[in-house]
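# Structural overview for review
Given next are the chains, with one letter for each unit.
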Amino acid sequence: MRIKQITIVIILASVITIVLNGCKREDQTRLQAGWSAKDPIAIPYNIRNHEKSLGNLVINSSFETGKIYYEENNIKSYDITGWKKVGENIKWVNSNNGEYNEDEIFEGTHSIKIERNTADETETTGEGIISDFIKVIPGNYSFKLFLRLEDICPNQARIGTKMHDAVNIRLVYFDKNKIEIDGVEYDAFQNKKIDNTFKSYTLSNYWNIDEFCWGEIHGKTANYPFFDGDIPDDARYVKIFIGLKGTGKMWVDNIDLRYTDKNFTTLERLKPYFDSSYSAYDMVLPQPKQLIKKSQIEYFNKNSALYPIIVIPQNASKVVEEYALKLKKILTSKIQEADNSLSAEIKIVTNIDLSKIPQKQFIVSIGNNDFYNNCKANLPDSLINDKEGAYYVVQSEDKENMVFINGYNDEAIKYAFFSFNQLLDSQSTTYFGANIIDYPDFHERAFILHYFDGDLNDLDNKLELLNQYKFNNVYFEWYGGDNEKHYPFNSINELQYQSNSMNFSVLVDLVKLNAKQSLISGKPFDNFNYETLISKSLKSVLFAGDYYQTYENCNPDKIVFRSNKKIDMDLQFDHIDLLNNFNELIVRKGLSTKIEFLSPWNRLDIIDKGQGEAEFYYRDLNRNLSDNIPIYWTGCSYYSKSIDFAEFQRMKKIAGNTTILFDNSLNDSELRFDSEFVRNYYAGKIRALSIFEPYNFITFNDFYKQSRGRKILLNTNSLSELNSIRILTAANYFWNTTAYDPDKSLWIVLNKLVGRDNAINLLYFNDAYYGLKEICEKLEINGLQYNNLRIAKNFDSDLNKYYKKLEISLDNKILLTEIEKLKTEILEKYKNIITTDK
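A short tour of the structure in this document, coming up. What you see is a predicted model, and the numbers here were worked out from it, not measured in a lab.

This part covers the overall build of the protein. Within the protein one finds 21 helices and 31 strands. Classification of the 838 residues of the protein by burial places 56% in the buried group. A sequence separation of at least 24 residues applies to 77% of the contacts in the protein between residues at least 6 apart. Only carbon and sulfur atoms are counted for the fraction: they give 47% of the accessible area of the protein, which is about 38500 Å².

As structure tokens, this is what we get:
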């Protein structure tokens, strides 16, 4: 009887377990059915974080493993782990095999080679390789690979087709049962459906490719503002296909597919840093190429009363003298903070006798002085002599309290000073000893300023801050006689007396400048006053022939720019006359000012709609302009968020030379959501926005090396406190692209500007602000649903809570005013939604 009872209990327990597990799976399936790339934050954080932690999801991404099958000592066939062949003209390249050259491999010892001599016009797929199933969840993924191409022609070249999908890169989507699903995606920005399986977009507008060395390709469907990388909501698996529909040779290596940071809020991304301990070495910004920690040194001890000594050259430059005096002032201030009764007699000398210097006295040597010459043999000058902007800050091997600062030139010495200064403890007279050898990736790191609210002193302080983070050129938009309406000066020369912190340049918007007479009088450039623009202090003058040009009415997809002087003449002749006349004036006056040009055809999406007009424009331009006038571009679109090797090479081919990036990427944050329709369609993505989103422009390897003059120009809306935070993260990227981490950079910048506690409170404020902003959109779409109202109430509470904390602790009252304005606007919107609906 007892055995029967036990048996019944076991059976009942089993039944209950089966039922509960079945319900649990059913609940999980139901929850997953609601997951969407359009609302990624709704997916549980632990699921998203796990997906991100997996890194590259591609198995055998570089084709290094597999099996070879032989027949009578000859290779008969092969299987590549995680991949299958599609077609016959595919080879598994092995660099250890004498049959292949080293340049047929990008990394490791293997790659894939596809070679086709003929291709039918009717082909739908081509030949290539396809991966096994890769498990995914709804959200945004980045997709990259390395290609080498040779003699590639489209399979439909006979009928005048561009490359299109001749290089056929695709993501094929499958549901939870591994049944293929439709890859059609609605593009709310263009109000049309597009093929989201297609990932060869950056190659699709070439006519052909003669030769294309190994380069990083971004698998992309469409340009900004489309949310490229989002996968269908029903997709739980993908397969990667990389093939060739056209003719030619293609090599493939290093494929990467991973879950991106776009699936997380700023708070979620930065929270792991909250409990991290960052030393002075970690906080040096921009991050040096090489920093080796040394011992900490007390540069002043009141018991010994030994003050630091600063050594400079006998005929020191103005820059060295200036920064020696600044260093003296900083050290004096820190010593007097420790003991305000001390006079802090810090000497600046041109040489010292070490035999007469006490063992523990702190010595800072700046530049090529006599003391430096005596120690030169042990210093790393050979590592900086051939690198523009390079510097070092190193301690003597024999005497750790001797620090040597030197650089490639005066500007580099200034950068060394900025790094040295960040190693001085803010709370004591301690120097965090280190050996730093450093140099910039971009030699010229510039930004544009369109207006400034404040006086000359405020502007000077802001420029000094940006220069400390190693920006070295600022472009002021030039408004002719109306400069005072936008800046606290009318002439650049006025600012020169206030600040010598960096180079000054101007941006001239040709269309804005001539708006009154351009189409009316037909003489847009005839009355241009060159003389008022010329200044000895200007490093560059950038003419922008963009903005407000007319589109051809008969075909909205075709863009044509015409001369305003004579409507049937191409615009390039206006530009050629203007630039040549201005260049002659520069030469005549004996100035070193450089002329630069941003043409109307400055982005690939506009060029592609020009149907050949851009190619003729640049052909005429290059025939008639000096080679020393660099051309700018904005990337694949106006607000480009990435540039791959294919896009860079295509623009180089069209423009006839390497170009400089006119970088608009920091201005795009909320512009995607300008229209009510887009805000409604993508309401779930608003939560992931940020009031201080860090710089996150994605480029290919060595992009900075291939940019003309190693220069980059960042277009900014303003120098507001919030925008300055974002700009400073860009400074870190411009200096050290390889080591750059957007979130870490933002965390360091916030800590340096407002302190750790305020940084945390700002991040919580940001999360509540965009959380409430997103919920407001959902309330407008779906009405006052209880769950959304409950969430909105929590965000409302958090927004006020963290603002009050910042109101008490934040010293920067201008920053406080900026976030108060944001708070007021969103709370007013929230209140109106609730009141109106009631």
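After that view of the structure, there is still more to cover.
Turning next to the pattern of salt bridges. The full count for this structure, using the stated rule, is 38 salt bridges. Here Asp261 ties to Lys52 by a salt bridge, and the two come within 2.8 Å at their closest N and O atoms. With Asp261 in the loop between β14 (247-259) and α3 (266-270) and Lys52 in helix α2 (residues 45-53), this pair connects stretches of sequence that are 209 residues apart. On the basis of relative accessibility, which here comes to 35%, the residue Lys52 falls in the partly exposed class. Asp605 is paired through a salt bridge with Arg603; the nearest N and O atoms lie 2.8 Å apart. The exposure classification of Asp605 matches that of Arg603, with both residues buried. Three or more residues are tied together by salt bridges with common partners; here these are Asp103, Glu104, Lys113, Glu115, Arg148, Glu150 and Lys249.

Before going further, it helps to spend a moment on the sheet that holds strand β12 (residues 209-218). With respect to topology, 5 strands assemble into an open sheet ordered β4-β5-β14-β8-β12, the strand pairing being antiparallel. Either end of the sheet is taken by a strand with one partner, and the two such strands are β4 (90-94) and β12. Geometrically, the sheet is characterised by an average inter-axis angle of 20° between neighbouring strands, direction not taken into account. Two strands pair when backbone bridges link them, and strand β5 (residues 110-116) and β14 are joined in this way by 5 bridges, in the antiparallel orientation.

A few words on the sheet that holds strand β16 (residues 309-311). Read across the open sheet, the 7 strands follow the order β15-β21-β19-β20-β18-β16-β17; overall the sheet is mixed. The open sheet terminates on both sides in strands that have one partner only, identified here as β15 (290-298) and β17 (347-349). Here the average twist between neighbouring strands, direction ignored, is 20°. Two elements, β16 and strand β18 (residues 363-366), share 3 bridges in a ladder whose sense is parallel. Pairing of Ile310 across the sheet is with Val364, part of β18. Taken strand by strand, helix α6 (residues 410-422) contacts β18, β19 (391-395), β20 (402-407) and β21 (430-438), and its axis lies near 140° from that of β20.

What follows covers the side chain of Glu596. Along the chain, the position of Glu596 falls in strand β26 (residues 594-598). For Glu596, a relative accessible area of 2% corresponds to the buried category. Reaching out from Glu596, the side chain makes a polar contact with the side chain of Tyr475 at a distance of 2.6 Å. Leave out the neighbours within four places in its chain, and Glu596 touches Tyr475, Ser540, Val541, Leu542, Phe543, Ile629, Pro630, Tyr632 and Lys711.

The next thing to look at is the pairing of strand β10 (residues 184-187). Looking at chain direction, β10 and strand β11 (residues 192-195) are connected through 4 bridges and run antiparallel. By the bridge assignment for β11, Tyr186 is matched with Lys193.

Between the first and last C-alpha of helix α7 (residues 456-468) there are 18 Å, a value that for 13 residues agrees with the 18 Å anticipated at 1.5 Å per step. For α7, the side-chain oxygen to backbone nitrogen distance between the N-cap and Asn457 is 3.1 Å, and the N-cap itself is Asp455.

For the structure shown, the criterion picks out 58 aromatic pairs. Between the aromatic rings of Phe106 and Phe146, the centroid separation amounts to 4.0 Å while the plane-to-plane angle is 15°, which identifies the pairing as stacked. In this pair, Phe106 sits in the loop between β4 and β5 while Phe146 sits in strand β8 (residues 141-153), placing the two residues 40 residues apart along the sequence. Aromatic side chains Phe362 and Tyr431 sit 5.8 Å apart centroid to centroid with 55° between the ring planes, which places their arrangement in the tilted category. Placement of Phe362 in the loop between β17 and β18 and of Tyr431 in strand β21 is noted, with a sequence separation of 69 residues between them. For Tyr431, a relative accessible area of 0% corresponds to the buried category. A cation sits over an aromatic face here: Arg672 above Phe227, 4.2 Å from the ring centre.

Inspection of the secondary structure puts Tyr415 in helix α6. Distance in space between the C-alpha atoms of Tyr415 and Asn467 is 8.8 Å, their sequence separation being 52 residues. When near neighbours in sequence (up to four residues on either side) are disregarded, Tyr415 contacts Gly389, Tyr391, Arg445, Lys470, Asn472 and Trp735. Only 2.5 Å separates the side chain of Tyr415 from the side chain of Glu411, close enough to count as a polar contact.

With that settled, consider the packing of helix α13 (residues 613-624) against helix α14 (residues 645-655). Two elements in contact, α13 and α14, have axes whose closest approach is 8 Å; the angle formed by their N-to-C orientations is 55°. One way to sum up the angle between α13 and α14 is to call them oblique. Along its contact with α13, which presents Glu615, Tyr618 and Asn622, the element α14 presents Met651, Ile654 and Ala655. Classifying every residue of the contact of α13 with α14 by side-chain character gives 4 nonpolar, 1 polar and 1 charged.

Looking now at unusual backbone geometry. That bond from Tyr224 to Pro225 is cis: its omega, 15°, falls within 30 degrees of zero. If you trace the backbone, Pro225 turns up in the loop between β12 and β13 (237-244). In this chain, Leu285 is followed by Pro286 through a cis amide linkage whose omega measures -5°. Looking at the element boundaries, Pro286 is found in the loop between α3 and β15.

The rules behind these values
- Residues numbered from 1 in each chain as written.
- Predicted model: local features only at pLDDT ≥ 70, side-chain atom pairs only at ≥ 80, totals over all residues.
- Heavy atoms only, no water.
- Helix = DSSP H or I, 4+ residues; strand = E, 2+ residues; numbered from the N terminus.
- Buried < 20%, exposed > 50% of the residue type's maximum accessible area, 1.4 Å probe, protein only.
- Contact = heavy atoms within 4.5 Å.
- Areas by Shrake-Rupley, 256 points an atom, 1.4 Å probe, with all protein chains shown as cover.
- Salt bridge = Lys/Arg side-chain N within 4 Å of Asp/Glu carboxyl O.
- Pairing = 2+ DSSP bridges.
- Axes fitted to C-alpha atoms, helices over the stretch in contact; angles between N-to-C directions.
- Polar contact = N/O pair within 3.5 Å; in protein donor to acceptor, adjacent residues only side chain to side chain.
- Expected span 1.5 Å × (residues − 1).
- Phe/Tyr/Trp six-rings, centres within 6.5 Å; stacked < 30°, edge-to-face > 60°.
- Lys NZ or Arg CZ within 6 Å of the ring centre and 35° of its normal.
- Parallel < 35°, antiparallel > 145°, perpendicular 65-115°, else oblique.
- Nonpolar A, V, L, I, M, F, W, Y, C, P; charged D, E, K, R; others polar.

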